[in-house]
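Descriptive analysis of the structure
Okay, here's what each chain looks like letter by letter:
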Amino acid sequence: MSRKSLVSLLIVCMMLASAMLAGCSYDSGSSSGSSASGTSDNGNASESSGTESNLPAAASGELKIGLDVDPDTLDPRLGRNTSNARVAEVVFSGLVRLTEKLEPVPDLAEKWELPDPKTIVFTLRKDVAFHDGTPFTSADVKYTYDSIRDLEFKAPNAKLYEAIDSVEATDDYTVKFTLKQPSAPLLYYLDLGIVPKHIGEKNDGTLATNPIGTGPYKFVKWDKNSKLFFEVYDKYHDGVAKTKQMTYFVIPDNTTRVSALEAGDIDFVHSPLSPQDINRIKDNDKFTVTQTEGLGYTYLSYNQKNQFLSDVKVRQAIAHLTNKQVISADIYQNMDKPAKSPLIPPLFAHTDDIQGFDYDPEKAKALLAEAGWTDTNGDGMVDKDGKKLSIELSTYVEDSNRVQALEYLQNEFVKAGVDAKVVTTEAPTFLANLLAHKYDIAMFGLLNIVDPDKAVYNQWTTTGGNNYGEYSNPQVDELLEKGRTTSNLDERKQYYQEAAQMMVNDVAFDIVLYQGYIVMHSNKLSGFTLHPKGSFYNFKNAVIK
């Protein structure tokens, strides 16, 4: 089924204005759905409830995978960086799983029904246990979604689930979601890893450092800023993983990470990667390089409360100093493409008609002058009321491409009279500064954008959990609310495109690049299927020779 037809089905189910006698449903049939490679995992079904001695012969060896940053937490409800997601994908399971075509298929749920636009009823699998042997039930689903919506829990993505009014465990294997209003994107967000109630309700932080899930791999150990160790879970409900052990190696520098691949110290790396390293590996017949369109963007976040950046003309001037074509071609070597808005190309709401701010230094200088910024003392820097226009450009040191991009922008800004400085820190410090709104202009990215709502809502609604720059526009808020509650795809597209144009005009941000996604691995590794989200779930099907 195509994604377009699936979306249409889901929206018909979720959003019909009239009551439905029988409701719509998705039933997995005899299995939990397709694997992310689109093939059935039934071939391993007999092993999913077996013991170590029943493991398939291929369940041996160790996969070694290189990551760019250490996870910020191992609790799937609280993670803010990509490495947290890479852990969650192998340790936890959600009610649904998204295939590489971004189609929700059953995972912990056997099926779901939508008796009306504000109700979803999930029937759960009865053959699932957590890694500690505790049976999985509806109580765990209710606990997970109640906790992530609890304001005191401070989950960064709580806004994605605010359409949920209540979660009711009607029996051990049935869960009823009642919504405040219809929610077009909600089903795509229900791949959230379900955590065990009996551990989570202790509120002692155990899941942040010792996660226990129902996924294909069990967590073993975390050497912070170095390695994470996993081993196969021989009772996994959807076919036992084919490789017995898996280790994540945290190697912040892109080139060092690729060098470890070349040396045979690791088997697999993926984005972010440096273009020169990609080209070198492409020429080596010992490795496979696969590239696809990513589900993310790289952007400049403007702190709207900054004493200088609070003026929209200053923000517009800086946008005119940002040459996206040069950044794409010279720094990323066209691996990532120049962008216009947060509505990335894979989304149904994408358009090239958004009007932004082309690279134009003279126009930038004119806008600065209109805002009162001129060089009054001949030192080459513009000033106003005795102050220089001083701006810090920040990112995290682990991403060398973004560091280079900011150094390039610094040069462009200085040529236009802006006193710009590049500040880099390690990823945890950079994130802490974002959360505290302690930055001027920051470069980072957003991944896993499976719906326009995911691209914009949590980042730029006034009360969004990841609205680091404290942007606020009531008209944008209204449009984004309509976008997530409207049934008609054409109407949703219109709302998101209108909101995107408003945000671009306001320079709430500057989306610099549409991200590509690249995987490089040793030819000793086989069976792995690339997922546009960057998901590691498919490693359950991988074998290392």
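For the structure, check the block above.
To keep things clear, this report deals only with the structure shown in the data block.

1. Structural notes on the layout of surface pockets
- Its volume calculated, the second largest pocket comes out at about 340 Å³.
- Looking at the lining of the second largest pocket element by element, the count peaks at 4 residues for strand E20 (residues 509–522).

2. Some details on the pattern of salt bridges
- This model, assessed by the stated rule, comprises 24 salt bridges.
- Between Asp-146 and Arg-149 there is a salt bridge, with its nearest N and O atoms 2.8 Å apart.
- A salt bridge links Asp-451 to Arg-492, with the nearest nitrogen and oxygen atoms 2.9 Å apart. Of the two residues, Asp-451 sits in the loop between strand E19 (441–446) and helix H13 (452–460) while Arg-492 sits in helix H15 (residues 489–506), which places them 41 residues apart along the sequence.
- Sharing partners across several salt bridges, the network here consists of Lys-159, Glu-162, Asp-453 and Arg-484.

3. Some remarks on the pairing of strand E17 (residues 390–396)
- Across the 7 residues of E17, 5 count as buried, placing the element largely inside the fold.
- Two strands pair when backbone bridges link them, and E17 and strand E18 (residues 419–425) are joined in this way by 7 bridges, in the parallel orientation. Of the residues in E18, the one forming a bridge with Ser-394 is Val-423.
- One crossover worth recording links E17 to the parallel E18 by way of helix H11 (residues 400–415), and it is right-handed.
- One ladder, built from 2 bridges, connects E17 with E19; its direction is parallel.

4. Things to note about the environment of Phe-229
- Tracing the backbone through its elements, the reader meets Phe-229 in strand E10 (residues 227–232).
- Sequence separation between Phe-229 and Tyr-248 is 19 residues; the distance between their C-alpha atoms is 6.6 Å.
- Beyond its immediate chain neighbours, meaning those up to four positions away, Phe-229 contacts Lys-218, Phe-219, Val-220, Lys-221, Asp-223, Met-246 and Thr-247.

5. Observations concerning helix H8 (residues 312–320)
- Most of H8 sits inside the fold, with 7 of its 9 residues counted as buried.
- Those residues of H8 lying buried are Val-314, Arg-315, Gln-316, Ala-317, Ile-318, Ala-319 and His-320.
- Measuring from the backbone nitrogen of Lys-313 back to the side-chain oxygen at the start of H8 gives 2.9 Å, which picks out Asp-311 as the cap.

6. Some remarks on the side chain of Ser-271
- One can find Ser-271 in the loop between strand E12 (268–270) and helix H7 (275–282).
- Here Ile-518 takes part through its backbone nitrogen, which lies 2.9 Å from a polar atom of the side chain of Ser-271.
- Other than its neighbours up to four places away in sequence, Ser-271 contacts Gly-516, Tyr-517 and Ile-518.

7. Let's talk about the environment of Tyr-236
- Within the secondary structure, Tyr-236 is located in the loop between E10 and strand E11 (245–250).
- In this structure Tyr-236 comes out as buried when scored by relative accessible area, which is 0%.
- A polar atom in the side chain of Tyr-236 sits 2.9 Å from the side chain of Tyr-537.

8. Looking at the packing of aromatic side chains
- Applying the stated criterion across every chain, the model contains 23 aromatic pairs.
- Ring geometry for Tyr-299 and Trp-460: centres 5.4 Å apart, planes at 75 degrees, overall edge-to-face. Note that Tyr-299 is positioned in strand E13 (residues 287–302) and Trp-460 in helix H13, a separation of 161 residues in sequence. Take Tyr-299 and Trp-460: they sit in the same class, and that class is buried.
- The aromatic ring of Phe-536 is capped on one face by Arg-86, whose charged end is 5.7 Å from the ring centroid.
- Residue placement shows Arg-484 over the ring face of Tyr-457; its charged tip is 3.6 Å from the ring centre.

9. Remarks on empty space enclosed by the protein
- What the rule picks out here adds up to 3 cavities of 30 Å³ or more.
- Size it by volume and the second largest cavity reaches roughly 40 Å³.
- Taken together, Tyr-299, Ser-301, Phe-444, Gln-459, Trp-460, Asn-466, Asn-467, Tyr-468 and Gly-469 form the lining of the second largest cavity.
- For the lining of the second largest cavity, the elements supplying multiple residues, two or more each, are E13 and H13.
- Here the lining of the second largest cavity is built from residues that sort into 4 nonpolar, 5 polar and no charged.

10. Some points on helix H2 (residues 82–91)
- Among the 10 residues of H2, 9 are classified as buried, and the element is accordingly described as predominantly covered.
- Burial in H2 covers these residues: Ser-83, Asn-84, Ala-85, Arg-86, Val-87, Ala-88, Glu-89, Val-90 and Val-91.
- Taken together, the buried residues of H2 touch strand E2 (62–67), strand E9 (217–223), E10, E11 and E12.
- One side-chain oxygen at the N-terminal end of H2 lies 3.1 Å from the backbone nitrogen of Ser-83; it belongs to Asn-81.

11. Side note on the packing of helix H9 (residues 324–331) against H11
- Where H9 meets H11, the axes come as close as 11 Å, and the angle between the chain directions of the two elements is 135 degrees. With respect to each other, H9 and H11 are oriented oblique. With respect to the hand of their crossing, H9 and H11 are arranged in right-handed fashion. Note on element contacts: H11 touches H9 through Asn-401, Gln-404, Ala-405, Tyr-408 and Leu-409, opposite Val-326, Ile-327 and Ile-331.

12. Here's the deal with the side chain of Ser-394
- Among the secondary structure elements, Ser-394 is positioned in strand E17.
- Excluding anything up to four places from it in sequence, Ser-394 contacts Leu-406, Val-423, Phe-430, Tyr-439, Ile-441, Ala-442 and Met-443.

13. Here we look at the nonpolar core
- Core analysis: the largest hydrophobic core is formed by 108 residues, its most contacted members being Phe-122, Tyr-145 and Phe-177.
- By residue number, the principal contributor to this core is H15, which donates 7 residues.
- Look past the residues within four positions of Phe-122 in its chain and what remains in contact with it is Leu-95, Val-96, Ala-109, Lys-111, Trp-112, Tyr-173, Thr-174, Val-175, Phe-177, Leu-187 and Leu-190.
- Within the second largest apolar cluster, 48 residues are counted, among which are Val-314, Ala-319, Leu-406 and Tyr-408.

14. Quick word on unusual backbone geometry
- With an omega of 5 degrees, the peptide bond running from Ser-271 to Pro-272 counts as cis.
- Topologically, Pro-272 is positioned in the loop between E12 and H7.
- A positive phi angle, close to 65 degrees, is found at Asn-225, a residue other than glycine.
- Looking at the element boundaries, Asn-225 is found in the loop between E9 and E10.

About the cut-offs
Residues numbered from 1 in each chain as written. Predicted model: local features only at pLDDT ≥ 70, side-chain atom pairs only at ≥ 80, totals over all residues. Heavy atoms only, no water. 1 Å grid on protein atoms, 1.4 Å probe; cavity = no way out; pocket = protein on both sides within 12 Å on 5 of 7 lines; lining within 4 Å. Points joined across faces, edges and corners; volume = space filled by probe spheres on them. Helix = DSSP H or I, 4+ residues; strand = E, 2+ residues; numbered from the N terminus. Salt bridge = Lys/Arg side-chain N within 4 Å of Asp/Glu carboxyl O. Buried < 20%, exposed > 50% of the residue type's maximum accessible area, 1.4 Å probe, protein only. Pairing = 2+ DSSP bridges. Right-handed = clockwise from strand over helix to strand, strands pointing away. Contact = heavy atoms within 4.5 Å. Polar contact = N/O pair within 3.5 Å; in protein donor to acceptor, adjacent residues only side chain to side chain. Phe/Tyr/Trp six-rings, centres within 6.5 Å; stacked < 30°, edge-to-face > 60°. Lys NZ or Arg CZ within 6 Å of the ring centre and 35° of its normal. Nonpolar A, V, L, I, M, F, W, Y, C, P; charged D, E, K, R; others polar. Axes fitted to C-alpha atoms, helices over the stretch in contact; angles between N-to-C directions. Parallel < 35°, antiparallel > 145°, perpendicular 65-115°, else oblique. Left-handed = near helix turned anticlockwise from the far one by under 90°. Core = buried A, V, L, I, M, F, W, Y, C linked by side-chain atoms within 4.5 Å.

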